[in-house]
Structures are given as structure tokens and as C-alpha cells.
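Topology and contacts: notes
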Amino acid sequence: MNEIEQRIAELNKLLHEYGHAYYVLDNPIVADSVYDQLLHELIALEEANPSLIYPDSPTQRVGGAVVAGFKKVTHDYPMLSLSNAFNEADIREFDRKIRQAIGDQFSYVCELKIDGLAISLKYDNGVFVQGATRGDGVIGEDITANLKTIRAVPLRLKEPITIEVRGEAYMPKRSFEKLNSLRADNGEELFANPRNAAAGSLRQLDPKIAASRQLSTFIYSIGGDGEAYGIDGHGEMLDYLEGLGFPSNKERQHCTSIEEVLAFIEKWTDNRPHLAYEIDGIVIKVDRYAQQDELGYTAKSPRWAIAYKFPAEEVVT
Ligand SMILES: NC(=O)c1cnc(N)c2cc(Br)sc12
């Protein structure tokens, strides 16, 4: 490798590491000015040596052309929807049915239900190759170019594996407030909430607009069979995805009883306003995959999971 090739390789490595720390771990290891200076050095070197541009270079996130529309994508595995619970009785009934089916020897994983747009991300040999919306659960839209602009979406995984993951793209509360304030100054219509703003941003035909909206994502499952990766449960899967370089929400808890689940719900009902992003509920899943398989699915959703929905907030007029 000559000097320029070495410097480009080093800048890609550094920017990938700094970007992961900042956007995925929410734990910056260099100042923004240092990151920007290295990024501009890489942009200049790539402009002078286009044959040395890495496909997963951070400069390639906002590369897509404006498109006339989005291609349709048929999901390899349907993207599920969850049945809902609205109160303690619903949750106890969910728990009772599970105990009736598989006995008492099981545990739950509880997670925050992110209020955004469900997405699917596909990786071939560790490289991000396609991203899509959930759509109707079977057919979604190819929004790869827009999803590449989300800094928390890894362009290359820490292992060269082929995997499809699912998660939620969302707009942090602060980004939402800044966006609506800008739109108000420009006399534009305001977005009603961060979910609509995130969906509207990812439906933009020009990736430069999506890139300007400061979206993020949490990844919370895979498409297909977790056991194919030697993983036996959902909690273990979330740790595995984190290890690959995906952003996963850290506010998850292993619960060994429905009382612990109810306490988790109460905790986050109170703490919800202090989160940097909107949540609309709590997702409760039986942890072990073998027990999920035993419980199976209804026509619409898994029997081994439920989404507790927070009561609709009083709109003060
Ligand atoms: N952690 C999770 O499983 C999770 C988080 N946030 C969401 N909006 C959803 C939706 C489904 Br379907 S699962 C899930």
C-alpha cells in the first residue's frame, strides 16, 4: 500500500470507530471538531483518488440520487405485529395463557416500545446491502439510500456475516423540536409528532433531505431463526446484535415474574418524559426461543409476545 492508500485505510478505520462510539454507543471518544476534520481530510483524499473510495466509507452515506419512487421489497420473513395489552388485567391474562401452555419454568425480556417506523436491514458478508420499511408486513419499500444516511445504521458489521435485522427508525425529541422550529420559521406545516416526522423523512425521494433529519434507530430482532446463529433466547440475541455493531436499547430487563414485568411498566410510565426519544409502550417477550416455538402464533401475531400500550396522553387544548 502506498502512503495515500494507507492514510485512506487509516481514516476509514478511525471514522468508523469514532462514528460507532458516537452514534451507536452514545459515548463519543473524540470531539466533533476532530471527527469533522478527519472526515474532510478523507473527502479530499477520495475526491483526488476516486478509485480508493471504500463502499462503506462514511462519505458514502449520503450518496444516493433522487429517485422517482421506491421499489417494492418482499420480506424473506414476515415482519410481525404484536397484540396489545392496555391494562394490568390484559397482562395477567397474557401471563396466565402462557403458563397454561408451557408451565411456570420460563422468563420474560421487557423492552421499551420505540415510537418510530419499523425497518428491516439486510447485510451480506457484513456489508449493509438493503433497507426496507415494514409496509404491510409482507411487502415493504426499498429505502436503502435513506437508511444509509442514519449514522446509527452500521455500513459494515464487526463480523462478515449475512443477516437480516429488524428495528425501529426514530427521530429523537430534540431533533423533532429543532425541525419543527425551522419549519415554523419557514411557514411550513409542522409534523404532529416524532413518529410522523421520522416516517415523512424516510419517505423522502431525495436522500439529502433524510440525511438532514438526524434520525436514529434501535435494532431489536432478526429476520428468521435465531437458533441458526447459535443463539437460544431473545436477551442473548440483543447482546449478540450489540456485539456485531448494532445500536440496541439498553433499557431492557430480564423479568422472572409478571410482578417484575408490572414494576418495569410502572418504572417507565414514570420515566418516559425523561427519555431522549418517544416510546408508546413496553414490549414483553418470552425469552427462550424453544418456548416461543412451543407457543407459536395466532393468525396475526405471536402468542409469546405482547405490547403494553401507554394510555393516550391527555391533549391539553
Ligand atoms: N424491542 C422490541 O421488540 C420493539 C421495540 N419497539 C417497537 N416499536 C417494536 C415493534 C415490534 Br412488532 S417489536 C418492538
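Not measured: the values here are computed from a predicted model.

The tendency in soluble globular proteins is for nonpolar side chains to be buried side by side. Counting residues in hydrophobic clusters, the biggest one holds 33 residues, and the most contacted among them are Leu121, Tyr123, Ile163, Val165 and Leu241. Contributing elements (two or more residues each) for this core: strand E4 (117-124), strand E7 (163-170), helix H5 (173-185), helix H6 (194-202), strand E8 (216-222) and helix H8 (234-244). When neighbours within four sequence positions are excluded, Tyr123 is seen to be in contact with Phe128, Val129, Val153, Pro154, Leu155, Leu157, Ile161, Thr162, Ile163, Val165 and Phe246. Ranked by size, the runner-up nonpolar core spans 31 residues in total, among them Ala85, Phe106, Tyr108 and Ala305.

Further remarks concern the sheet that holds E7. Spatially, E5-E4-E7-E8 is the arrangement adopted by the 4 strands of the open sheet, whose pairing is antiparallel. If you trace the sheet from one side to the other, it starts and ends with strand E5 (127-133) and E8, each paired once. Between one strand axis and the next, the sheet turns by 30° as a mean value, whatever way the strands run. Of the strand pairs in this sheet, E4 and E7 are connected by 7 bridges, and their pairing is antiparallel. For Leu117, the partnering residue across the bridge sits in E7 and is Ala169. Seen against the sheet, H8 touches E7 and E8 and runs at an angle of roughly 130° to E8.

Right, let's get into unusual backbone geometry. Most peptide bonds adopt trans geometry, and most residues besides glycine take a negative phi value. In this structure, Asp26 takes a positive phi of about 55° despite not being glycine. Locating Asp26 in the fold gives a position in the loop between helix H1 (3-24) and helix H2 (32-48). Judged by its relative accessible area of 66%, Asp26 is exposed.

About the criteria used
- Residues numbered from 1 in each chain as written.
- Predicted model: local features only at pLDDT ≥ 70, side-chain atom pairs only at ≥ 80, totals over all residues.
- Heavy atoms only, no water.
- Core = buried A, V, L, I, M, F, W, Y, C linked by side-chain atoms within 4.5 Å.
- Buried < 20%, exposed > 50% of the residue type's maximum accessible area, 1.4 Å probe, protein only.
- Helix = DSSP H or I, 4+ residues; strand = E, 2+ residues; numbered from the N terminus.
- Contact = heavy atoms within 4.5 Å.
- Pairing = 2+ DSSP bridges.
- Axes fitted to C-alpha atoms, helices over the stretch in contact; angles between N-to-C directions.

Don't take any of this as a statement about function, it's just geometry.
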